[in-house]
Each structure stands twice: as structure tokens, then as C-alpha cells.
Amino acid sequence: MSDLALRNLVKSYDKTQVLHSINLDVADGEFVVFVGPSGCGKSTTLRMIAGLEEVTSGEIEIGGRVVNNLEPKERDIAMVFQNYAIYPHMTVRKNIGFGLRSSKLSKPEKEARIDEVAGILGMTDLLARKPAQLSGGQRQRVAIGRAMVRDPAVFLFDEPLSNLDAQLRTQMRLEIKKLHRRVGNTIIFVTHDQVEAMTMADRIVIMKDGHIQQVGTPDEVYHKPANTFVAQFIGAPSMNLLEGTVEDGAVSLTGGGSVPLTQVKVAEGRAVKLGVRPEDLHLATEGDTLFEGEVSVAEPLGAETLLYVTLAGREIIATGPGRNPPKAGDHVRLSADPAQMHVFDAETGAVIA
Amino acid sequence: MTATDTQIRATSAALLEGTRAKQRRSLGQTIRWLLLFAGGIAMIMPIAYMLSTSLKWPYEVYNVGLIPEEPHLENYAYVLEDGRFFGWFINSLIIAVLTTVSNLFFDSLVGYTLCKFTFRGRQIVFIAILSTLMIPTEMLVIPWYIMSQSFGWLDSYWGIMFPGLMTAFGVFLMRQFFQTVPDDFIEAARIDGLNEFQIYWSVALPMVKPALAALAIFVFLGNWTAFLWPLIVTTDAALYTLPVGLSSFGDEADVQWELIMTGAAISTLPTLIVFLIFQRFIIQGVAMAGLKG
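Residues numbered from 1 in each chain as written. Chains lettered and ligands numbered in written order. Predicted model: local features only at pLDDT ≥ 70, side-chain atom pairs only at ≥ 80, totals over all residues. Heavy atoms only, no water.

Before going further, it helps to examine the overall build of chain B. Across its full length, chain B holds 13 helices and zero strands. Element order for chain B, N to C, with α for helix and β for strand: α-α-α-α-α-α-α-α-α-α-α-α-α. For a compact globule of 293 residues, the expected C-alpha radius of gyration is about 19 Å, and chain B comes in at 27 Å, more than 25% above that figure. On the principal axes, the C-alpha backbone points of chain B span a range of 100 × 70 × 35 Å. Considering only residue pairs separated by 6 or more positions, chain B has 70% of its internal contacts joining residues 24 or more positions apart. (Helix = DSSP H or I, 4+ residues; strand = E, 2+ residues; numbered from the N terminus. Rg over C-alpha atoms; globule rule 2.2 N^0.38 Å. Contact = heavy atoms within 4.5 Å.)

Pasting the structure below:
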């Protein structure tokens, strides 16, 4: 059964529509990450699910019932905020227990529940402390604990790792993922960081300008992007996009060069964009050269080297070896497996399957 | 002139410049100290005179000397044994405490609403409240009196208290402070199942305790020392507040300054205690109101 469903969800502020007919089904226990650039509508969607923003039109279902007109507390959800929102005047125990205020559990049951959650989060020794005495990661754990203690149908995370430093963010990412495996509740997680999305999600919802661009597993959105936006948003460095026209079963690239089209059939004369990920574009051996150009910048990353190659007036990114890579100014030949390339319509940006 | 001479000259010039800079700094420091000293004297002198006069006999009250010729505590004994003084003290205490509690509750409630809720006309309401700050009390006294007379509030605690139960300044101060409370706390509490009043009471209010403490001191002091309105609205001596009662020591022909000063000295004690306990909150409160304004 779908635990959460969004049906033609629309949000407008005065005459400005910020969400355009969002449709999504989230399965029970699924970890779904909403990702997109600032202003894409991901947080607005989350806040509408939480009941913190009114729905202009459409329906939100949680656990099979429409919750549009229910108060946040009646929706069986819990939310973790970007700046933690743990109450500074309360101890960790009180903060975690705060979500149980309106619960019908007896006091000993509530205490037992708080202890259980604190145990899961490894915070048993910190229960008597106030938030000011905690580190950023510990505060975030308290916020998660406050959400967990109510055992809601759906957890909502609004960019919860944004305020943490890089190392702690990686650690918390792992902890949240482990936690999800352990408790099994449905999680909706909002982030602008595509790495977070890729590493944590069962499914990723990629949004732009209030529209869902693609919904899919990390593998799908990476290897089968629905359009040029998804292709370039997911993956770092971004996918190279080369403009061209289909001629004689190959893409004749603007500025010179031709790549045979093996994966799809495209009408002759159609303008397309050819997408190739930097890791699929590597130094060629004599026979399989697709492109030739000059290295403008070489970025050594240890295991590999990112090569910024200028060819026919445009710059593309390729991957070179970690040892003895070409240097800036070197002339290189590049090749790629045509089967790993993506063809997009030049006008709409949609993938041509 | 050798290179060594040039170096010596340059070093001497630098040293001289350094000494001049030090002199300039120390002159500035001295001026600052003098100004602070003058300010301090201006503040302390009335208190010193109050204490000095309270230790004088009536015949030397008009002697400008600060040290009494024959210091004594008879005035204190007289004032404390006079039953009226105790009654006025209690009146002032009741009025100041009730008004303070009322202000803490209503000012913060209105401030919170104006800060955290979006509704049509919010800004107009806020400006309307704020604009009342520009009306001097003297202008309001007559309407208040007519109102009190119409409702039968003359010579009553309510009559003395009602104009100050809520203040525009308090609303403004609290609103500014509530702006420092991130909306996420409010929304988190909403999701945690609290109703709007519980959110205000259990989440928002504890987070602005410094502002509440500062407001409590402002309101308490203001009401403890209030003179004009309590004087107008009360004719029954039993309902006088301390300042009004103290001014009644004596008549037009003979003002008993030594007793007035003794009563004033005793009446400053509660305010002094309140101030000593909460002064750090006052400073923070004023600073925050200034910064966030």
C-alpha cells in the first residue's frame, strides 16, 4: 500500500504558481529524497505534506486518508528541521519526550520510550544535558530522536545535514540510513545535495521550477536521465552535452566531429544533444578516437585525473589516469563507448529513448 | 650626515611620535573619565542628599551640607511606626506586582501574535499600538479620569492600575525579541501537537526570558514610582501609593522634607533589590530592542 500519495498537488502564492500538479506515490517504508536547486519547490512540497503550508489544490494522502484539512499533529508525521529546532531551555530528555506530550501513553511508558530512542541514537549519557552543551551532530540526533519517539507513519527531513561540516555530514548520512534500515518508517528527505540524494535514497525525486523532472532509483536517474536537466544535475562533474544533428545514422557535432548512433534510432536531420559522462570519456587508443583536443586544465584527484579538454571551441570534461596523466597544453585523443551515450532532443531536452 | 645619523633621527622621530600618540590617548582617556565622573556625580547626588536629609533634624533640612550635624534615625522610626506608610507600601507593592504580571502576559501575548502570525492589517495594528507611544501621559490623564469617573473606578486599585496594565513599549519590546525566535521552533511545536497557546506558553515564552525580565523591571519601576495618575485618581489616603503618600507628609505651609526623604529612602530598597538581581537582563533587553528595531 502506498503510505504517502500526492495527487495533482498545486501551490500558488497569490498569482504565482510554485508547484505544478505534483503526483507521487511513496511505498510504506520507502526512503524518498526530493532534490533540486533552490526554489524548485522541494521544501514547499515537504511543508505541505507536514501541514505547515496550505494546499492550493490537489490531495495529500497519508496512510490512505486525505489529510489536506488536518492539523500537522493529526497527520501522523514527524519532521526534522534544518536548524534542528530543539528547544534550548529543555534537557535532551525533555526535548525527545516533547513529541509525546499529547500521547496517551502513561508516564513510565513515555520514559521507557525516551530511553529506547536515546539508546538507539547512542545518547543515553546525554539525556540530562541542555542543547547548548551538545555538538552539532548531537543536536541533530536529538532532533531525530524527537521525531522518532512518536513512531510516525512518515518522517520528514528538511535539509537536516546542511548545517553540519563535511565530515559530520557524511557520518550523519550513514547514521540516518542505518536508522531507516532499523526502524523501517517511510522517510521523505529534502536536500539540494545530489550526493546525499544518491547515497541515501531508495528513490529520488528530482525537481525544477515546481515540476517533477524524474522519479527513479539512484541508478536510474544516473544512468537513464529523463532529460538534460537531470543528466547535468545528477553526477559530479556534470554530464558533457554536445550539440549536433543526426546525419547518416550518426551525430554530426556542431564544430566538427561525428559520433555513430548505435543505441537509438533518430530521424535524419533532427537536432540533438549528445550526453556523455566524464567517466565514460577516456583517453583513446589509436583506433577508437572520437574527439581530439587540447587539455586546458588537469585536476588530479588521486585515483584519477579530471581533464578539461577544449575541442572545436567548447570545453568538455574527460577522465584520465591517476598516474602520469596528460598535462595542461597536451594534445589528447578521447574515446567513449557509444552505448554509454545519451541522446536528448535539442529543443525540449527530453531523452530520446 | 651619515647613514647612522639618519637612522638615529628617524628612530627619535618615531619615538617622539609614539609618545605624542600616547599623550593624545591619555588626554582622551582623562576627558572620558571626567565626563563619566560628572555623570556619576549628577546621578549620585540626589540619592546622597536623600539619605543625608533622612538623617537630619528638621531645623537643618535647608542646610546644603551633605553631612548632617547631628545624624539620627528618629525619622526612620517615625515613618515606620506611622501606620499609613506601611499601608502605602502595600498599596504600591500590590499595584506594581499586578501591573507587572499583567504586562508580562499581555505584552508578550500581543507581541508574539504580531510577530509570528500573518493576518490582514497586522502592520496597521502594530503601527497603531506603536503610535500611542507618542502621546504624552499628561494628555491622557483627563480622558482616563472621565472614564474612571463614569465607571466608578475612582479611589480603587483598578482605577490606579488600568492605564498601565498593558503598554505599547512592552508590546514593541516583546515583538522585537520574538523575532529572534526562529519559526522552525514554532512549527516543530505545531507538529509535536501543541495548540497555539501552548506553543506561545511552553516554547516561545521560555526563549525570551531575558526580555521578560527586562520588561518586568521596567514596568515594576515605572509603577512603583508612578505619581501623577495615582495622585489624581485617589482621594482616599488609605489607597495612596508610596509616592503620593510621601508627598502628603506636611502641607502647603510646612513640607516635612526629612520625613519625605526618609520614606523615599525606604521605598528605594525594593527597587534596588529588584534592579541588583535583574540588571544584566535590563542591559541585554535594551540592547536587543535597539539592535532588532
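Left-over empty space is what a probe sized like a water molecule reveals as it rolls over the atoms. Residues and elements named next belong to chain B. If you add up the space inside the largest pocket, you get close to 850 Å³. If you trace the largest pocket, you find 32 residues lining it, with T137, W144, P163, G164 and T167 closest to the centre. Of all elements in the fold, only helix 3 (83-116), helix 5 (137-151), helix 6 (157-161), helix 7 (168-178), helix 10 (209-224) and helix 11 (228-233) reach the threshold of two or more residues within the lining of the largest pocket. For the lining of the largest pocket, the element with the most residues is helix 10, which contributes five residues. (1 Å grid on protein atoms, 1.4 Å probe; cavity = no way out; pocket = protein on both sides within 12 Å on 5 of 7 lines; lining within 4 Å. Points joined across faces, edges and corners; volume = space filled by probe spheres on them.)

We now examine a nonpolar patch on the surface. The grouping of L269, L272, I273, F275, L276, I277 and F278 of chain B at the surface amounts to a nonpolar patch, some 660 Å² of accessible area in total. Residue position: I277 of chain B is located in helix 13 (residues 257-292). (Patch = residues over 30% accessible without salt bridge, like charges linked within 9 Å, V, L, I, M, F, W, Y side chains within 5 Å. Areas by Shrake-Rupley, 256 points an atom, 1.4 Å probe, with all protein chains shown as cover. Salt bridge = Lys/Arg side-chain N within 4 Å of Asp/Glu carboxyl O.)

Turning to the domain arrangement of chain B, a few remarks are in order. Residue and element names in this part refer to chain B. By the assigned domains, chain B splits into domain 1 (3-60) and domain 2 (81-292). At the junction of the two partners, domain 1 supplies six residues and domain 2 supplies seven residues. Summed over both sides, the interface between domain 1 and domain 2 buries roughly 510 Å², with carbon and sulfur atoms accounting for 79% of that surface. For the pair domain 1 and domain 2, the number of links is zero salt bridges. Linking domain 1 with domain 2 are zero residue pairs in polar contact (both at pLDDT 80 or more). Taken together, the residues of the side of domain 1 that touches domain 2 break down into three nonpolar, two polar and one charged. (Domains from an automatic or database assignment. Buried area = accessible area lost by both parts, 1.4 Å probe. Polar contact = N/O pair within 3.5 Å; in protein donor to acceptor, adjacent residues only side chain to side chain. Nonpolar A, V, L, I, M, F, W, Y, C, P; charged D, E, K, R; others polar.)

Quick look at empty space enclosed by the protein now. Within the structure shown, the criterion is met by one cavity of 30 Å³ or more. Taken as a whole, the largest cavity spans an internal volume of roughly 40 Å³. A78, M79, A143, R146, A147 and R150 of chain A together with A188, I191 and D192 of chain B are the residues that line the largest cavity. Elements represented by at least two residues in the lining of the largest cavity include exactly strand 6 (77-80) and helix 4 (136-148) of chain A together with helix 8 (183-191) of chain B. The biggest single contributor to the lining of the largest cavity is helix 4 of chain A, with three residues. Of the residues contributing to the lining of the largest cavity, the split by class is six nonpolar, no polar and three charged.

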